[in-house]
Amino acid sequence: MSEPLFLDINYLKLCLKTLFEPEGLLSRRYFKIHESFENLDIEDMNKNNYIELIAKSTNEENKYLFIYFTNTSNFMSKTNKTKYGNLFDIKKKIMNLNKLTNDSININMIIILTRPFKLNVNILEKKVTDKIGINNIQIFVYNSLLFNISKHSAIPKKIKVISRKDDIELICYKKNISKEKLPKILINDPLALFYGLKKGELFEFTRISQNAGEYIYYRLCTT
């Protein structure tokens, strides 16, 4: 008999809540879970070695998110291909589920490790990226998803990710500042990880001030 996905099923429930809830990770990144995964049997899910979920972008055509829970850091091993799912056919799985005929799709992937392994997540991300061929892969250890950090009282309620180069240049022009001199946020900051912020992108934060009303400021993502 295989080990359950989570030793404590309550951790699975909390992770799923952080992913699916309003203003959760998926909605913050403008994704919506596929209807096939809306009514999950959590008890049954936790009996498996892994879970695969698929979400679709709500604001970009042909953009998808593949979510993979696993209870081992050795999930890419060829000997574990059957036990832990075949991650080399992610595109096929997405296309079949969404009944797509055009394989020109943009795939993002989140891997959630359900054990606190002693490993370098950045090295593992690179290994998986090299093997699977998906560039936008992010790995979380489960305990970083037990709470929705975007709802913390110290975090501004209005947050926007600005990715387009033209939009960033316009902001710098209006503020009369070079991009490099903008205040920084590290790429491994918990909030940056939650939003999937990439190097060179901006966070736009909006706070409410009693004196000045809405106050907008920016943070540049850097390593």
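Heads up: the structure comes first, above all this text.
Within any chain, residue numbers begin from 1 and follow the written order of that chain's sequence. Given that the model is predicted, a residue must reach a pLDDT of at least 70 before its local features are reported, and side-chain atom pairs must reach 80 or more before they are shown or counted; all residues, however, enter totals for whole chains, interfaces and linings. Side-chain measures were taken over the full set of non-hydrogen atoms in the model, leaving aside hydrogen atoms and water.

Which parts of the structure should I look at to understand the layout of surface pockets?
Using a 1 Å grid laid over the protein atoms alone, points where a 1.4 Å probe fits but cannot get out form a cavity; open sets with protein on both sides within 12 Å along at least 5 of 7 lines form a pocket; any residue with an atom within 4 Å of a point counts as lining. Grid points are joined across faces, edges and corners, and a volume is the space filled by probe spheres set on the points. Here the largest pocket defines a volume of roughly 1200 Å³. Lining the largest pocket we find 44 residues, and of these Gln138, Tyr195, Gly196, Leu197 and Lys198 sit closest to its centre. Helix numbering and strand numbering both begin at the N terminus, where a helix is a DSSP run of H or I of at least 4 residues and a strand a DSSP run of E of at least 2. Breaking the lining of the largest pocket down by element, the ones donating at least two residues are helix 2 (25-28), strand 3 (63-70), strand 4 (106-113), helix 5 (121-132), strand 5 (136-141), strand 6 (158-162) and helix 7 (190-195). Considering every element that reaches the lining of the largest pocket, the biggest residue donor is strand 5, with six residues. Amino acid classes used here: Ala, Val, Leu, Ile, Met, Phe, Trp, Tyr, Cys and Pro are nonpolar; Asp, Glu, Lys and Arg are charged; the rest, including Gly, are polar. Across the lining of the largest pocket, the residue classes break down as 18 nonpolar, 15 polar and eleven charged.

I tried to follow the environment of asparagine 122 on my own but got confused; where do I start?
Within the secondary structure, asparagine 122 sits in helix 5. On the accessibility criterion, asparagine 122 (57% relative accessible area) is exposed. Spatially, the C-alpha atom of asparagine 122 lies 25 Å from that of serine 27, the residues being 95 residues apart in sequence. Burial classes follow relative accessibility: with a 1.4 Å probe on protein chains only, a residue under 20% of its type's maximum area counts as buried, one over 50% as exposed, and anything between as partly exposed.

Is there a simple way to explain the pattern of salt bridges in this structure?
Between side chains of opposite charge, a pair can form when the charged atoms approach closely. Criterion for a salt bridge: a side-chain nitrogen of Lys or Arg within 4 Å of a carboxyl oxygen of Asp or Glu. Tallied over the full model, the rule gives twelve salt bridges. Among the ionic pairs, glutamate 23 bridges to arginine 28, the shortest N-O distance being 3.7 Å. Overall, the relative accessible area of 14% leaves arginine 28 in the buried class. Taking the shortest distance from any N to any O, the salt bridge between lysine 63 and glutamate 60 comes out at 3.4 Å. Since its relative accessible area comes to 15%, lysine 63 is described here as buried. Bridged by salt links that share partners, the residues Lys17, Glu21 and Lys151 form one connected network.

In this structure, what is going on with the sheet that holds strand 7 (residues 184-186)? I would like to understand it.
Pairing between the strands of a sheet is mediated by backbone hydrogen bonds and can be parallel or antiparallel. Spatial strand order, 6-8-9-7: four strands in an open sheet with mixed pairing. Single-partner strands in this sheet number two, and they are strand 6 and strand 7. Across the sheet, the axes of successive neighbouring strands diverge by a mean angle of 35°, strand direction being ignored. By definition, residues are in contact when any of their heavy atoms lie within 4.5 Å. Angles here are taken between N-to-C directions and fall from 0 to 180 degrees, while the axes themselves are lines fitted to C-alpha atoms, restricted in helices to the stretch in contact. The strands touched by helix 6 (residues 165-175) are strand 6, strand 8 (202-209) and strand 9 (213-222); relative to strand 6, the strand with the most contacts, the crossing angle is about 115°. At least two bridges found by DSSP between two strands are what make those strands a pair.

What's the story with the nonpolar core in this structure? I'm lost.
By convention a nonpolar core is built from buried Ala, Val, Leu, Ile, Met, Phe, Trp, Tyr and Cys residues, the set being connected through side-chain atoms within 4.5 Å. In terms of nonpolar packing, the biggest core is built from 58 residues, with Phe69 and Phe75 touching the most fellow members. If sequence neighbours within four positions are ignored, phenylalanine 69 has contacts with Leu5, Phe6, Leu12, Cys15, Leu16, Leu19, Asn49, Tyr50, Ile51, Leu53, Ile112 and Thr114. Counting eight residues, the second-largest nonpolar core is a separate cluster that includes Ile168, Ile171, Tyr218 and Leu220.

What am I meant to see in helix 5 here?
Helix length check: helix 5, at twelve residues, gives a terminal C-alpha distance of 16 Å against a target of 16 Å (1.5 Å per residue), a fit within 8%. Looking only at helix 5, the buried set comprises Leu124, Glu125, Val128, Thr129 and Ile132. All buried residues of helix 5 project into a common sector of 135° when viewed along the axis, lining one side. In helix 5, those exposed residues whose orientation departs by more than 90 degrees from the buried face are Asn122, Lys126, Lys127 and Asp130. On its buried face, helix 5 sits against helix 4 (90-98), strand 4 and strand 5. Each polar contact in these results corresponds to two N or O atoms within 3.5 Å; when the atoms are within protein, one needs to be able to donate a hydrogen and the other to accept it, and residues that are neighboring in sequence are counted only if both atoms are side-chain atoms. The distance from a side-chain oxygen at the start of helix 5 to the backbone nitrogen of asparagine 122 is 2.9 Å, and the residue carrying that oxygen is asparagine 120. Downstream of helix 5 by a residue or two, glycine 133 has a phi angle that is positive, lying close to 85°. Expected span of a helix, by definition, is 1.5 Å for each gap between consecutive residues, and there is one gap fewer than residues. To be clear, the arc concerns the directions from the helix axis to the C-beta atoms.

Help me understand unusual backbone geometry, please; the structure alone is not making it clear to me.
Glycine aside, the phi torsion of most residues is negative, and most peptide linkages are trans. Despite not being glycine, asparagine 62 shows a phi value in the positive range, around 60°. Relative to the helices and strands, asparagine 62 is located in the loop between strand 2 (50-57) and strand 3. Note on asparagine 62: relative accessible area 25%, which makes it partly exposed. Phi angles above zero are rare outside glycine, and asparagine 176 is one such case at about 55°. Its place among the elements puts asparagine 176 in the loop between helix 6 and strand 7.

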